[in-house]
Amino acid sequence: MAIENLFTDASSAMTVISLATFIGILWWTFGLKRSADFDAAAQLPFADEIDEVAIQVAIQVATPETEQTHV
């Protein structure tokens, strides 16, 4: 009979932990004020012009550095 009580208590604890996790996810999603970041990210697909800085970074990443030979 003791093992049945253990399963009942574990089930109750998991229910409480799951509810707390769900409420935490809801708070993280809707409660935090990060609308400026989300608004900027939402507008990225509609951007017509490319930043000159972004172009320079892309060129630097795509171009491998030249190897220096030691004499």
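In this text the structure is predicted, and so the values were computed from the model without any measurement.

The rules behind each value
Sequence order as written defines the numbering, with residues in each chain counted from 1. Under the rules for a predicted model, residues below a pLDDT of 70 receive no local features and side-chain atom pairs below 80 are neither given nor counted, while totals for whole chains, interfaces and linings still include all residues. As a rule here, side-chain values cover all heavy atoms of the structure and leave hydrogens and water aside. Here a strand is any run of E in DSSP of at least two residues, a helix any run of H or I of at least four, and the numbering for each starts at the N terminus. Working definition: with a 1.4 Å probe on protein chains only, accessible area under 20% of the residue-type maximum means buried, over 50% means exposed, and in between means partly exposed. Calculation of accessible area relied on Shrake-Rupley with a 1.4 Å probe; when residues are assessed, cover is drawn exclusively from the protein chains displayed. Scored from 0 to 100, pLDDT records how confident the predictor is in each individual residue. To count toward a patch, a residue needs a relative accessible area over 30% and no salt bridge; like charges are then connected within 9 Å, while nonpolar side chains (Val, Leu, Ile, Met, Phe, Trp, Tyr) are connected within 5 Å. Definition used for salt bridges: Asp or Glu carboxyl oxygen within 4 Å of a side-chain nitrogen of Lys or Arg.

Would you mind going over the overall build of the chain with me for this structure?
Across its full length, the chain carries 3 helices and 0 strands. Relative to its full complement of 71 residues, the chain shows a buried share of 0%. Of the accessible surface of the chain, which amounts to about 7,200 Å², a share of 66% is contributed by carbon and sulfur atoms.

Just to check I follow, could you spell out the confidence of the model for the chain for this structure?
A low pLDDT score tells you not to read the predicted coordinates there in detail. For the chain, per-residue confidence averages 76 on the pLDDT scale, and residues scoring 70 or more make up 63% of the total. Helix α3 (residues 52–62) is the least confidently modelled element of the chain, averaging 66 in pLDDT, while helix α1 (residues 2–31) averages 88, the highest of any element.

What exactly am I supposed to notice about a nonpolar patch on the surface here?
Side chains of L19, F22, I23, L26 and F30 sit close together on the surface and give an oily, nonpolar patch of about 540 Å² of accessible area. By the element assignment, F22 lies in helix α1.

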